[in-house]
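Now for the letters of each chain:
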Amino acid sequence: MVTAPPTYIVTGAAGFIGSALCRSLRENGIARVVGIDKMTYAASRESLLALAHDPQFELIVADIADGGAMKAIFDKFQPDGIMHLAAETHVDRSIDRPDAFIQSNIVGTFVLLEAARRYWQALEATKRDGFRFLHVSTDEVYGSLGSEGAFTETTPYAPNSPYAASKASADHLARAWHKTYGLPVVISNCSNNYGPFQFPEKLLPLSVMKALNGEALPIYGKGENVRDWLFVADHAEALTLILTRGRIGEKYNVGGDAERRNIDLIHDLCAMLDEALPQSAHCPHRQLIRFVQDRPGHDERYAMDFGKLRRELGWTPRTSLSEGLRHTVRWYLDNRAWSEAIKARTYGGERLGQLP
Ligand SMILES: NC(=O)c1ccc[n+]([C@@H]2O[C@H](COP(=O)([O-])OP(=O)(O)OC[C@H]3O[C@@H](n4cnc5c(N)ncnc54)[C@H](O)[C@@H]3O)[C@@H](O)[C@H]2O)c1
């Protein structure tokens with residue numbers, strides 16, 4: 001007997017990581033996928049073009065904070081799992097206007113958990129036992145590290161930005177819906193992702209877009225803040241493993257084993273641009289770097305201990321930072337029209353998140 005593939009809902013499906021996850025789930029034939037996205041400024045239909053003619057993929061434009069719409073989607077598609085990525089995600093925007101972060105990240109997660117709980121409670125036993133709710137979160141909930149150590153799953157939460165606080169709140173809700181109602185929740189916390197289709201307000205795509213136009217490359221403070229970097233396709237694989245094989249009620253850290261100071265990362269990026277564009281009038285691109293006033297509450301260092309994910313589920317990142325960065329730079333060079341369209345339409349690369 002041929003069994004039908006499971007159906008997974010992916011929220012935030014038209015975002016950077018959500019779209020990579022949808023492509024990965026479909027390209028590997030893992031599941032039929034129903035994407036949900038509100039289509040905020042950060043969403044991109046182009047990121048899902050590869051699935052435009054796939055009968056096993058559907059994108060539904062809806063707000064996760066709309067309980068009626070969520071109930072209708074659960075009732076119609078009868079999912080076997082949900083991978084929850086929809087969120088407002090840019091720290092600088094959360095400093096300027098925290099409202100949308102509270103609404104989508106906290107209220108939206110609450111509404112989605114409630115819709116999932118009601119649906120799950122009414123399922124017949126076998127389907128109910130197999131159902132999973134994966135809540136996707138960030139390393140930023142843990143706060144900031146000094147020069148030593150790494151976050152583990154038991155590191156106490158200490159979020160410093162409105163974005164991090166909204167994600168921490170959502171993590172607590174997801175945990176509580178498991179502890180109180182028994183909803184089969186698993187939580188993942190991941191370090192900084194990079195790769196194709198990332199909205200050009202984030203450090204790497206912003207720097208590529210500005211460098212190509214010969215504009216200054218702004219670096220906060222002295223560029224000494226350290227982040228751990230993970231290629232987005234590797235994150236998609238980790239999320240699939242955690243959803244399908246993670247232990248219910250557990251949290252899993254996901255990391256890239258690739259810590260870099262921001263300044264070193266941008267130096268690497270500039271060297272790759274010099275190599276790819278030797279005729280450019282802007283070579284050497286590192287001459288474009290400008291240090292600007294630091295972000296308020298800027299966390300010094302993040303590092304992830306993802307030993308639990310490695311031990312329990314056998315996951316490690318496949319892509320080295322230099323390989324992934326090279327691929328990413330190439331992608332932005334080959335798809336310049338994508339970021340230029342965003343620049344013309346919604347975001348011109350201006351500085352966000354400065355206190356008056
Ligand atoms: N980018 C990273 O480095 C990173 C690292 C760790 C965790 N995460 C988490 O992964 C998830 C995805 O991040 P991303 O970088 O792809 O973000 P993104 O900003 O690129 O995409 C988020 C998507 O969610 C959608 N969305 C926002 N509010 C919504 C709502 N109320 N209803 C429905 N859709 C809504 C947006 O339209 C957008 O398409 C987020 O939960 C984020 O916190 C991101």
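You'll find the structure just up there.
Rules of the game
Residues numbered from 1 in each chain as written. Predicted model: local features only at pLDDT ≥ 70, side-chain atom pairs only at ≥ 80, totals over all residues. Near = placed C-beta within 6 Å. Helix = DSSP H or I, 4+ residues; strand = E, 2+ residues; numbered from the N terminus. Nonpolar A, V, L, I, M, F, W, Y, C, P; charged D, E, K, R; others polar. Pairing = 2+ DSSP bridges. Axes fitted to C-alpha atoms, helices over the stretch in contact; angles between N-to-C directions. Parallel < 35°, antiparallel > 145°, perpendicular 65-115°, else oblique. Left-handed = near helix turned anticlockwise from the far one by under 90°. Contact = placed C-beta atoms within 7 Å. Expected span 1.5 Å × (residues − 1). Buried ≥ 20, exposed ≤ 12 C-beta atoms within 10 Å, placed from the backbone. Arc of directions from axis to C-beta.

Visitor: Got a minute to help me understand the site of the ligand in this structure?
Guide: By nearness alone, 32 residues border the ligand, and Gly-12, Gly-15, Phe-16, Lys-38 and Ala-43 come closest of all. Broken down by secondary-structure element, the contributors of at least two residues to the shell around the ligand are α1 (16–27), β2 (32–37), α4 (99–121), β5 (132–138) and β7 (192–194). Residues of the shell around the ligand, tallied by class, amount to 15 nonpolar, twelve polar and five charged.

Visitor: What am I meant to see in the sheet that holds strand β3 (residues 57–61) here?
Guide: Strands belonging to one sheet form pairs held by backbone hydrogen bonds; the direction of such a pair is parallel or antiparallel. Strand order in the open sheet made by the seven strands is β3-β2-β1-β4-β5-β6-β10, with parallel pairing throughout. A strand with exactly one partner marks an edge of an open sheet, and here the two such strands are β3 and β10 (251–254). This sheet shows a mean twist of 20° between the axes of neighbouring strands, independent of strand direction. The pairing of strand β4 (residues 81–84) with β5 spans four bridges and is parallel. Along β5, the bridge assignment pairs Ile-82 with Phe-133.

Visitor: In this structure, what is going on with the packing of α4 against helix α6 (residues 162–181)? I would like to understand it.
Guide: Two packed helices can be described by the angle between their axes and the distance between those axes. It is at 8 Å that the axes of α4 and α6 come closest, and there the two elements cross at 15°. With respect to α6, the element α4 is oriented roughly parallel. In this structure, α4 crosses over α6, and the sense of that crossing is right-handed. Note on element contacts: α6 touches α4 through Pro-162, Tyr-163, Ser-166, Lys-167, Ser-169, Ala-170, Leu-173, Ala-174, Trp-177 and Tyr-181, opposite Phe-101, Ile-102, Asn-105, Ile-106, Thr-109, Phe-110, Leu-113 and Arg-117.

Visitor: In this structure, what is going on with the packing of helix α9 (residues 262–276) against helix α11 (residues 321–334)? I would like to understand it.
Guide: Where α9 contacts α11, the two axes come as close as 10 Å, and the packing angle between them is 55°. In terms of orientation, α9 and α11 fall into the oblique class. As α9 packs across α11, the resulting crossing turns out to be right-handed. Residues Asp-268, Leu-269, Met-272, Leu-273 and Ala-276 of α9 touch α11, and the partners they reach there are Leu-325, Arg-326, Val-329 and Leu-333. Considered class by class, the residues forming the contact of α9 with α11 number seven nonpolar, no polar and two charged.

Visitor: Just checking my understanding: could you explain α11 for this structure?
Guide: Helical periodicity: at 3.6 residues per turn, an α-helix aligns residues three or four positions apart in one direction. The end-to-end C-alpha separation of α11 is 20 Å, in line with the 20 Å expected for 14 residues at 1.5 Å each. Within the sequence span of α11, burial applies to Leu-321, Gly-324, Leu-325, Thr-328, Val-329 and Tyr-332. Along the axis of α11, the buried residues cluster in a sector spanning 135°; they form a single face. What points out from α11, more than 90 degrees from its buried face, is the exposed set Ser-322, Glu-323 and Asp-334.

Visitor: Got a minute to help me understand unusual backbone geometry in this structure?
Guide: Phi is mostly negative for residues that are not glycine, and the peptide bonds are mostly trans. Cis peptide bonds are those with omega within 30 degrees of zero, and the linkage from Cys-283 to Pro-284 qualifies with -15°. Located in the positive-phi region is Gln-78, a residue other than glycine, with phi close to 50°. Under the C-beta neighbour-count criterion, Gln-78 is labelled exposed, with 11 such atoms within 10 Å. Look at Asp-257: it is not a glycine, yet its phi comes out positive at around 55°. Overall, the presence of 16 C-beta atoms within 10 Å leaves Asp-257 in the partly exposed class.

Visitor: Just checking my understanding: could you explain α1 for this structure?
Guide: End to end, α1 covers 17 Å across twelve residues, agreeing with the expected 16 Å (1.5 Å per residue, within 8%). With nine of twelve residues buried, α1 is to be regarded as a mostly interior element. Here α1 has its buried residues at Phe-16, Ile-17, Gly-18, Ser-19, Ala-20, Leu-21, Cys-22, Arg-23 and Leu-25. As for α1, its buried residues are in contact with β1 (7–11), β2, β3, β4, β7 and α8 (232–245). Looking at the residues trailing α1, positive phi occurs at Gly-29, about 60°.

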